[in-house]
Amino acid sequence: MQSQETSGITGSEPSPEAAGRAAPWRTRLRVGLSGKLLMLTIVFVLVAEVLIYVPLIANFRINWLNDRLAAAHTAALVLDAAPSGMVPESLAKQILDSIGARAVAAKMGDQRRLLASAELPSSVTDDIDMRDLTWWRSIKEAFEVLLFCHASDVMRVIGPAPMAKGQFIEIVLDEAPLYKAMLKFSVTILVVSLAISAFTAMLVFFALHYLLVQPMGRLTANMVAFRADPENPTRIIRRSRRNDEIGTAEEELAAMQTELASMLHQKSRLASLGLAVAKINHDLRNLLASAQLFSDQLSSLPDPKVQRFAPKLMNALQRAIALCQSTLSYGRAQEAAPDRRTIAVEPLLEDVRESLGLTIEVPIRWIVSVERGLTMEADADQMFRVVVNLARNAVQALETHGARDPARDQIRITGRRDGDMVAIEISDTGPGIPEKARKNLYQAFQGSTRPGGSGLGLAIAAELVRAHGGEIMLVEGTMGATFRITIPDGEIDVSTRGSLRSRAS
């Protein structure tokens, strides 16, 4: 499949060697829908954890510094309570070690007092004032610590002192312990995030695999199997009981496969019919040619009845031979273009009546009501086939009534000219067209209205009428069935057919 698409784009056919080399790579690189869902879920959860980690690490730094300030505040109370403010150096060092600071200072009243110190640095790298710290600044400073901290960096932290309003505590700290604590917290967050991501991804994976991937795999497997044998009815997908989008997809796929299998069955039937007709055509044409020779000999007899019926027999045989010769071309949907000439409508209808054997003895009334001298520009043989097919359908519809009644069983044909168009209506007093047959009325093998019918008559009539640039339609609201044929004079453009329809109706 992929090699064909590639050749269609580049315009060249890949060599078998190149296709063979590319196939293993395609197999190796192919990732199923389940795998893609699993990877995407892990990525999305990790992205969510990163977004959560940013404020967490900033808050961790603030809490760590506040803990040191709280410890320094306690130490400041102890140091301030010492007699004369003098604390032994060993005790001061122990207090500073417990805080993790190098110096503690406090503002008391109007004075700023250094309460304890040990190994003061020559310079301070960062100044941090916790009294006016904003959230965006805390995030920025937290990542500065993680990315740019050095072992020798020292920071001064200032925070409010709860002992009195307007007072503050100031401590000097090494930045390395803060960096290590933040790094340890980050590693913990990373491990927890990976565990949560893996667990969430597995839950999402199994849920989506059951809800989406497995049904999609079933649909895909069914389409592949149906493509291998589309005429096999067992390959049509069986719909599940799901009421969601997957259930709708299964229902629509089953409907499409059913219609496609039916169409393929119809095509196979047509192909078989064409083959059978091709085999019959040769022998039938020879038999008709022999009958035509006999009819030529009959026409030379002086009997008046023979002289009367021989020309009609000759015409019938000629039409049969011509139809036999065009059978194969019709099977290829290549009906010959109409040989349009001016023909009289009444003689054409009389030929149809005689061809159907509707004589006075037959209890079906044949009523013709056309304009006097009505003519039309059409192919005489093709129009004969159109009218005889419609009239034969009418006769067959009337036969379903059982006992014949001339007062009831009628076939009425009317004709009139409307400008450059001739309209002919063929109606009967039969049971009419069933509703289920109207959808595919002009489709071969689908528009039959009686058991055992092939539906070819209306399909042939519709094709021949369209070849003349005309239209055929079923007239609604009439007793029985009424078909209206409209044939324009000469050639007609396709764009004018809409106006023809409105004028005919």
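Here the structure is shown first, and the text comes after it.
Colleague: It is not clear to me how the overall build of the chain should be interpreted in this structure. Could you clarify?
Modeller: Regarding its fold elements, the chain presents 14 helices and 12 strands. A total of 505 residues make up the chain; the buried ones form 34% of that total. Long-range contacts, defined as pairs at least 24 residues apart, comprise 66% of the intrachain contacts of the chain with a sequence gap of at least 6. As presented, the chain carries roughly 30600 Å² of accessible surface, and 59% of it is formed by carbon and sulfur atoms.

Colleague: Whenever I open this one, the pattern of salt bridges confuses me. Can you help?
Modeller: A side chain with one charge may pair with a side chain of the opposite charge, provided their charged atoms come close. Applying the stated criterion across every chain, the model contains 13 salt bridges. Here Arg156 ties to Glu170 by a salt bridge, and the two come within 3.4 Å at their closest N and O atoms. Within this pair, whereas Arg156 is found in strand S4 (residues 154-160), its partner Glu170 is found in strand S5 (residues 168-174), the two being separated by 14 residues in sequence. A relative accessible area of 24% places Arg156 in the partly exposed class. Residue classification places Glu170 among the buried residues on the basis of a relative accessible area of 5%. Through salt bridges with shared partners, a single network forms among Arg61, Arg137 and Glu141.

Colleague: I tried to follow the packing of aromatic side chains on my own but got confused; where do I start?
Modeller: How two aromatic rings sit relative to each other is set out by the distance from centre to centre and by the angle between their planes. A full pass over the atoms with the stated rule returns 2 aromatic pairs. Centre to centre, the rings of Tyr53 and Phe143 are 6.3 Å apart; their planes meet at 80°, and the pair counts as edge-to-face. You can see Tyr53 sitting in helix H3 (residues 33-81) and its partner Phe143 sitting in helix H5 (residues 135-148), a full 90 residues away along the chain. Taking the relative accessible area as the measure of exposure, Phe143 reaches 27% and is therefore partly exposed. Summarising the aromatic geometry, the rings of Phe60 and Phe185 are spaced 4.6 Å apart at their centres and angled 10° between planes, so their arrangement reads as stacked. One end of the pair, Phe60, is in helix H3; the other, Phe185, is in helix H6 (residues 176-228), with 125 residues separating them in the sequence.

Colleague: Hey, could you run me through a nonpolar patch on the surface in this one?
Modeller: Taken together, the side chains of Leu40, Val43, Phe44, Val47 and Leu51 make up a nonpolar region of the molecular surface, amounting to roughly 490 Å² of accessible area. Considering the arrangement of structural elements, one finds Val43 in helix H3. On the basis of relative accessibility, which here comes to 44%, the residue Val43 falls in the partly exposed class.

Colleague: Can you walk me through the nonpolar core in this structure?
Modeller: Most often, soluble globular proteins keep nonpolar side chains buried together rather than apart. If you look at the biggest cluster of nonpolar residues, it comprises 42 residues, and the most contacted ones within it are Met376, Leu390, Ile411, Ile472, Phe483 and Ile485. The dominant element in this core, judged by the number of residues it contributes, is helix H11 (residues 380-399), at 10 residues. Setting aside residues no more than four positions away along its own chain, Leu390 makes contact with Ile426, Leu458, Ala461, Ile472, Phe483 and Ile485. Membership of the second largest hydrophobic core comes to 36 residues, among which are Leu79, Ile128, Cys149 and Ala161.

Colleague: Looking at this structure, I do not really get H11. What am I missing?
Modeller: One turn of an α-helix holds 3.6 residues; hence residues three or four places apart share an orientation. Helix length check: H11 (20 residues) gives 28 Å between terminal C-alpha atoms against 28 Å at 1.5 Å per residue, within 8%. Structurally, the start of H11 carries an N-cap: the backbone nitrogen of Asp381 is 3.1 Å from a side-chain oxygen of Asp379.

Colleague: Could you clarify how one ought to interpret helix H13 (residues 456-467) in this entry?
Modeller: Between its first and last C-alpha, H13 extends 16 Å over 12 residues, near the 16 Å set by a 1.5 Å rise per residue. Along H13, the residues classified as buried are Gly457, Leu458, Ala459, Ile460, Ala461, Ala462, Leu464 and Val465. Of the residues flanking the end of H13, it is Gly469, one or two places downstream, whose phi is positive at about 80°.

Quick notes on the rules
Residues numbered from 1 in each chain as written. Predicted model: local features only at pLDDT ≥ 70, side-chain atom pairs only at ≥ 80, totals over all residues. Heavy atoms only, no water. Helix = DSSP H or I, 4+ residues; strand = E, 2+ residues; numbered from the N terminus. Buried < 20%, exposed > 50% of the residue type's maximum accessible area, 1.4 Å probe, protein only. Contact = heavy atoms within 4.5 Å. Areas by Shrake-Rupley, 256 points an atom, 1.4 Å probe, with all protein chains shown as cover. Salt bridge = Lys/Arg side-chain N within 4 Å of Asp/Glu carboxyl O. Phe/Tyr/Trp six-rings, centres within 6.5 Å; stacked < 30°, edge-to-face > 60°. Patch = residues over 30% accessible without salt bridge, like charges linked within 9 Å, V, L, I, M, F, W, Y side chains within 5 Å. Core = buried A, V, L, I, M, F, W, Y, C linked by side-chain atoms within 4.5 Å. Expected span 1.5 Å × (residues − 1). Polar contact = N/O pair within 3.5 Å; in protein donor to acceptor, adjacent residues only side chain to side chain.

Without other data, these values stay purely geometric and don't point to any function.
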